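Chain residues, written in single-letter form:
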Amino acid sequence: MTDPKQPRDFIRHVVFFTAKDPADLPAIIEGLKILGGIPGVQNFDVAQSSNTDPLTDRVDVVVYGEFVDEAALTAYRTHPLYLESIRRVRPLRDSRVAADF
């Protein structure tokens, strides 16, 4: 377990998406995969959720990325590919929940 008093050497960014229509999952995944081309993101992954946990509400797609620091995460969120991903995915998604730690 990580000591909460020790600073991390990177920031984890995790985002959960649900689709308005399951038929749109391939388009959502492709729209999110372009985020991996943004400089500064490390250990990037986009995957469809297996939804095997019976206690969890539906999550269709998970995005995971690591950033060396807050500045890299901020640059990611303002990059043109990030804005393009939003343009593609927002109309197709029902919900989005993000966490950074």
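To be clear, the structure that these remarks concern was listed above.
Analysis parameters
Residues numbered from 1 in each chain as written. Predicted model: local features only at pLDDT ≥ 70, side-chain atom pairs only at ≥ 80, totals over all residues. Heavy atoms only, no water. Pairing = 2+ DSSP bridges. Helix = DSSP H or I, 4+ residues; strand = E, 2+ residues; numbered from the N terminus. Axes fitted to C-alpha atoms, helices over the stretch in contact; angles between N-to-C directions. Contact = heavy atoms within 4.5 Å. Phe/Tyr/Trp six-rings, centres within 6.5 Å; stacked < 30°, edge-to-face > 60°. Parallel < 35°, antiparallel > 145°, perpendicular 65-115°, else oblique. Nonpolar A, V, L, I, M, F, W, Y, C, P; charged D, E, K, R; others polar.

**Some details on the sheet that holds strand S3 (residues 61–67)**
Then step 1. Strands sit in the order S2-S3-S1-S4 across an open sheet of four strands; the sheet is antiparallel. Looking at which strands have only one partner, the edges of the open sheet turn out to be strand S2 (42–48) and strand S4 (93–100). The mean angle between the axes of side-by-side strands here comes to 10°, regardless of whether they run parallel or antiparallel.
Then step 2. The pairing of strand S1 (residues 11–19) with S3 spans seven bridges and is classified as antiparallel. Residue pairing across strands places His13 opposite Gly65, the latter belonging to S3.
Then step 3. Contacting S1, S2 and S3, helix H1 (residues 25–33) crosses the sheet at an angle of about 175° to S2.

**What to know about the packing of aromatic side chains**
Then step 1. In the structure shown here, the tally under the stated rule is two aromatic pairs.
Then step 2. Connected via pairs of aromatic rings, a cluster forms that spans Phe67, Tyr76 and Tyr82.

**Here we look at the packing of H1 against helix H3 (residues 80–89)**
Then step 1. Running from amino to carboxyl end, H1 crosses H3 at an angle of 170°, the nearest separation of the two axes being 8 Å. One element, H1, and the other, H3, form an angle in the roughly antiparallel class. Between H1 and H3, the residues in contact are Ile28, Glu30, Gly31 and Leu32 and Ser85, Arg88 and Val89, respectively.
Then step 2. Residues of the contact of H1 with H3, tallied by class, amount to three nonpolar, two polar and two charged.

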